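Chains, contacts and geometry: an overview
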Amino acid sequence: MTSPIWHPFHQHGLGEPIPRVVRAEGAVLHLADGGTLIDGISSWWVTTHGHCHPRIAAAIAEQAGRLDQLIFAGYTHEPAEEVARGLIDLAPRAAGRDPLTHVFYSDSGSTAVEVALKMALGYWHNLALDGLAPPRHRILVLEHGYHGDTIGTMSVGERGVYNQAWSPLLFDVGTIPFPAPGREQRTLDSLEAACAAPEKPAAFIVEPLILGAGGMLIYPAHVLRDMAAICARHDVLFIADEVMTGWGRTGTLFACEQAGVVPDIMAVAKGITGGAIPLAATLATARIFDAHKSTDRARLFYHSSSYTANAIACAAAAANLAIWREEDVPGRIANLSDGIAARLARLADRPAFAHARQLGAIAAIDLNAPDAGYLSDLAPRLRAFFLARGLLLRPLGNTIYLMPPYCLDTDQLDQVFAVLADAGERFG
Ligand code: PLP
């Protein structure tokens with residue numbers, strides 16, 4: 001029987017199999033046909049502590065029986081308050097920088113970034129209303145960035161296959177070249193020039209330390225620090241998109257910590273609930289919030305969605321925060337990172353592979369394959385190969401990457417790397 005479902009980022013015309021998953025536990029997905037898969041990418045980078053974590057599952061069940069959903073325009077509930085306090089507590093901070101003090105909820109990484117962009121533009125709009133600054137509309141972005149699939153977030157992402165169908169609708173941005181090894185100064189000079197240009201930018205948005213969907217491209221912490229410093233010097237708002245990097249993926253809770261950077265606005269999502277249920281948040285400093293706070297209704301922040309701060313999702317996030325507070329999650333991530341590093345080094349020696357790279361619990365390696373462009377059939381063939389070998393991976397072109405749940409054990413890690421080595425033999 002054919003299914004009526006239209007899947008995201010899936011070319012139905014290729015006839016690829018669509019595995020049906022009936023149950024999940026830890027790092028393992030159980031299939032309807034009785035097989036299992038190791039979830040090598042945390043089900044699109046969201047599952048941090050493992051699937052169906054008992055503490056998170058219990059919190060969801062308990063909250064679902066108490067208060068499920070509440071209009072959030074002018075109403076509040078304890079799980080949302082608790083998570084907001086927790087986020088502010090855990091957010092990056094540094095001497096001499098305004099701390100992040102306010103939390104705006106939404107429900108996906110794209111909406112968290114969309115909200116971040118609207119906050120930045122709203123800030124300058126409201127300052128202009130008071131005659132305190134000229135309006136600013138220009139957003140600076142980093143080459144190869146990815147921030148989501150709404151019209152606004154596509155506008156600040158790399159233009160290409162992902163968004164070419166909608167290109168006439170996307171707004172213009174200023175693109176700063178990616179700080180490739182040896183080219184870091186070019187990035188900083190370009191950002192400095194763009195910030196000093198007569199048309200002052202409203203904000204600069206970056207994925208801190210590693211660009212995800214753009215190819216798992218890593219850049220050094222000192223570049224992130226210098227980029228944030230340039231923005232601060234020119235009073236250009238610095239937006240950190242921690243949607244992928246947050247919740248320990250890069251080795252610290254948030255990637256910005258490794259550079260001592262406190263952004264003006266920070267978007268978080270994915271692992272905020274441990275990956276169990278959708279929720280997102282955009283954190284802002286007091287000056288962003290204060291620019292919207294007034295007795296004038298025209299200045300309020302016009303953004304909402306029906307499920308803003310859904311109580312069940314917030315309860316899951318509260319459980320996630322408790323896990324971070326009470327369990328040795330950093331230790332687990334460090335162990336996993338060490339395990340990945342040792343195995344990745346062996347893989348990197350093989351002629352089939354190039355450009356092995358790792359940041360915390362994220363690892364990537366490029367397959368030396370002919371015709372490995374993004375639209376080639378290499379990625380679907382690799383997906384099928386991995387599926388047949390009991391592994392869920394979704395390469396980006398010829399880039400194979402891992403972003404597993406932190407509970408992945410040594411045996412599972414060995415299995416994953418054995419399959420990767422075989423993939424090198426077969427496709428490299
Ligand atoms: N920002 C970054 C850096 C991402 O990696 C993603 C998704 O992968 C998003 C935003 C969009 O998040 P979502 O898919 O939850 O809308």
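In this text the structure is predicted, and so the values were computed from the model without any measurement.

1. Brief notes about the site of the ligand
The environment of the ligand is formed by 14 residues, the closest being Ser108, Gly109, Ser110, Val243 and Met244. Sort the elements by how many residues they give to the shell around the ligand and helix H4 (residues 109-129) lands first, with 3 residues. Across the shell around the ligand, the residue classes tally to 6 nonpolar, 6 polar and 2 charged.

2. Structural notes on the environment of aspartate 68
Take aspartate 68: it is sitting in the loop between helix H2 (54-64) and helix H3 (78-90). Taking the C-beta count within 10 Å as the criterion, aspartate 68 has 11 such neighbours and is therefore assigned exposed. Taking the C-alpha atoms as reference points, aspartate 68 and cysteine 314, 246 residues apart in sequence, are found 10.0 Å from one another. For aspartate 68, the residues in contact, after removing those within four places along its chain, are Ala311 and Ile312.

3. Quick notes on the pairing of strand S12 (residues 280-285)
By the criterion of burial, S12 is predominantly enclosed, with 6 of the 6 residues buried. On S12, burial covers both faces: Ala280, Thr282 and Ala284 on one face and Ala281, Leu283 and Thr285 on the other are all buried. Where strand S4 (residues 100-106) meets S12, 6 bridges bridge the pair, whose relative direction is antiparallel. When the sheet's bridge partners are listed, serine 106 is paired in S12 with alanine 280.

4. Overview of the sheet that holds strand S6 (residues 174-176)
Strand order in the open sheet made by the 7 strands is S4-S12-S11-S10-S7-S5-S6, with mixed pairing throughout. Lying at the two open borders of the sheet, with one neighbouring strand each, are S4 and S6. Ignoring strand direction, the axes of neighbouring strands in this sheet form an average angle of 20°. The sheet contact formed by strand S10 (residues 237-241) and strand S11 (residues 265-268) spans 3 bridges and is parallel.

5. Considerations on unusual backbone geometry
It is generally the case that most residues other than glycine have a negative phi and that most peptide bonds are trans. With a phi close to 50°, cysteine 52 is a non-glycine residue in the positive phi region. Within the secondary structure, cysteine 52 sits in the loop between helix H1 (42-45) and H2.

6. A look at the confidence of the model for the chain
Predicted coordinates in areas of low pLDDT are best not read in detail. In the predicted model, the chain carries a mean pLDDT of 97, and 100% of its residues have values of at least 70. For this predicted complex, the interface score ipTM comes out at 0.99, alongside a pTM of 0.98.

7. A few points about the packing of H3 against helix H9 (residues 311-326)
Interaxial distance between H3 and H9 falls to 8 Å at its minimum, and their mutual angle equals 40°. Regarding the angle of H3 to H9, the classification is oblique. Seen along the crossing, H3 lies across H9 with a hand that is left-handed. Contact residues: H3 offers Pro79, Ala80, Glu82, Val83 and Gly86, while H9 offers Ala311, Cys314, Ala315, Ala317, Ala318 and Leu321.

8. Regarding the UniProt feature "binding site: pyridoxal 5'-phosphate" (unreviewed entry) in the chain
UniProt records the feature "binding site: pyridoxal 5'-phosphate" (unreviewed entry) for Gly109, Ser110, Asp241, Ser305 and Ser306 in the present numbering. Look at the named residues: they lie 198 residues apart in sequence, and the longest C-alpha span between them is 23.2 Å, so in the fold they stay spread out. Take aspartate 241: it is sitting in strand S10. In this structure aspartate 241 comes out as buried when scored by C-beta crowding, with 32 C-beta atoms within 10 Å. Setting aside its immediate chain neighbours within four residues, aspartate 241 contacts Val113, His147, Ile205, Val206, Glu207 and Ala267. The topology assignment puts serine 305 in the loop between helix H8 (286-292) and H9. Those residues in contact with serine 305 that sit more than four places away from it in its chain are Ser106, Asp107 and Thr111.

How each quantity is defined
- Residues numbered from 1 in each chain as written.
- Predicted model: local features only at pLDDT ≥ 70, side-chain atom pairs only at ≥ 80, totals over all residues.
- Near = placed C-beta within 6 Å.
- Helix = DSSP H or I, 4+ residues; strand = E, 2+ residues; numbered from the N terminus.
- Nonpolar A, V, L, I, M, F, W, Y, C, P; charged D, E, K, R; others polar.
- Buried ≥ 20, exposed ≤ 12 C-beta atoms within 10 Å, placed from the backbone.
- Contact = placed C-beta atoms within 7 Å.
- Pairing = 2+ DSSP bridges.
- Axes fitted to C-alpha atoms, helices over the stretch in contact; angles between N-to-C directions.
- pLDDT = per-residue confidence, 0-100.
- Parallel < 35°, antiparallel > 145°, perpendicular 65-115°, else oblique.
- Left-handed = near helix turned anticlockwise from the far one by under 90°.
- UniProt positions renumbered as here; feature names shortened; annotations may be inferred.

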